[in-house]
Every structure is written in C-alpha cells, then in structure tokens.
Amino acid sequence: MDEIIISTKTIKEWEQVVKTAQGNGYRWGSGRRGHITENWYEYKENSCIFLLRHDITYGSSGFCGIGDIITAQEYLIKYGSGEKINQPKTIMNKLNLMMKCLLDKDTQLLYKAHYLNGDLELTEKGKQALNTILFLANKEELLKMAKEELEEELGEDK
C-alpha cells in the first residue's frame, strides 16, 4: 500500500477512513492525533484523504488526479473491518457534466450504484455482483464439472 486516495463525501466517512488508516499504522503527516475532523470542513464533500507511505494527509478532489481514487466504502471493505457506510441519498455519487454527456444511461446507473469507478472499471462491489450473475447463469455447468471432478477423484482412489 504505497499510495491510496480515498474520496470522503461525508464527515462520517472521513472519521471512519482515518480511524481505519490509523489502525493500519498510518499517522498524520503533521504529527497530530485523532480524526482531525476540522480538516474535512475545508473541502467538505470534495475532500480526499491521501495515504502515502505511512502518512495521512488530505486535499480537495480537484487535486486527487495523481492516482486512482477509491470511495470510502471501497477502502473500508478492503482495508478495514468491512463495515459499510450508509450514505445520505442527497450526496449519492453525483455525475459531472462531462460524464453525463459521454456516458449512456445504463453506464451512469452502474457508476451511481458504485459498480464502476471513475475510470469505468469494476469496483469490488461490481466484481461481486458480476460473479453472482456468472454463478447463477452457469450453475448447471459448474455442477457438471464438479461431479466429473469428484468422479475422477473417486476413480483414482480405487
């Protein structure tokens, strides 16, 4: 984990990400302790937390272009307790004008539901959903393969 950039849309996300990062050995670059929630108010819903080497720092999402940005939810699931954050409906992943113009409605919906990230790649949530779809669509074939494999194992044991 050399560099992680996390978008925090609410102060609750900010607090949970900082708490998790500190639990994973990160410390504020300034040497201060705690969640330092007053920093969130500087950029509010445009706040990003930067985890660089073992330091925590922050900035505006406008300056987050130096790497891949993940959501607070993705960070907490991957590096934390797996605890999900209930996000207010009013702040739900607003699309910028360029994305609204370039993306079809289906892709916009996948982005808003956190199945795609800003690079239009599958998020962990999107990958899990796709795996579920693939499993359900191919369950019979998977069962057939499992039965064949077990029969081969039983035949070799004799």
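Structure: see above.
A brief structural summary. Only a predicted model underlies this, so the values are computations on that prediction, with no experimental measurement involved.

A short note on unusual backbone geometry
A positive phi is found at R53, a non-glycine position, where the angle reads about 55°. Inspection of the secondary structure puts R53 in the loop between β3 (47–52) and β4 (55–60). The backbone of H114 sits at a positive phi, close to 70°, despite the residue not being glycine. Among the secondary structure elements, H114 is positioned in the loop between α5 (105–112) and α6 (124–137).

Some remarks on a negative patch on the surface
Taken together, the side chains of E141, E148, E149, E151, E152, E153 and E156 make up a negatively charged region of the molecular surface. Secondary-structure assignment places E152 in helix α7 (residues 139–157).

Some thoughts on a nonpolar patch on the surface
Together, L122, L130, I133 and L134 make up a nonpolar patch on the protein surface, roughly 340 Å² of accessible area in all. Among the secondary structure elements, L130 is positioned in helix α6. Judged by its relative accessible area of 36%, L130 falls in the partly exposed class.

Looking at the pairing of strand β1 (residues 3–8)
Put simply, side chains in a regular strand alternate between the two faces of the sheet. In terms of residue burial, β1 counts as a mostly covered element, since 5 of its 6 residues are buried. Pairing geometry for β1 and β3, over 6 bridges, is antiparallel. Residue pairing in the sheet places I5 in a bridge with F50 of β3. Relative to strand β5 (residues 69–71), β1 is paired through 3 bridges, and the arrangement is parallel. Residue pairing in the sheet places S7 in a bridge with T71 of β5.

Quick notes on the rules
- Residues numbered from 1 in each chain as written.
- Predicted model: local features only at pLDDT ≥ 70, side-chain atom pairs only at ≥ 80, totals over all residues.
- Heavy atoms only, no water.
- Helix = DSSP H or I, 4+ residues; strand = E, 2+ residues; numbered from the N terminus.
- Patch = residues over 30% accessible without salt bridge, like charges linked within 9 Å, V, L, I, M, F, W, Y side chains within 5 Å.
- Areas by Shrake-Rupley, 256 points an atom, 1.4 Å probe, with all protein chains shown as cover.
- Salt bridge = Lys/Arg side-chain N within 4 Å of Asp/Glu carboxyl O.
- Lys, Arg positive; Asp, Glu negative; His and termini not counted.
- Charge placed at Lys NZ, Arg CZ, Asp CG, Glu CD.
- Buried < 20%, exposed > 50% of the residue type's maximum accessible area, 1.4 Å probe, protein only.
- Pairing = 2+ DSSP bridges.

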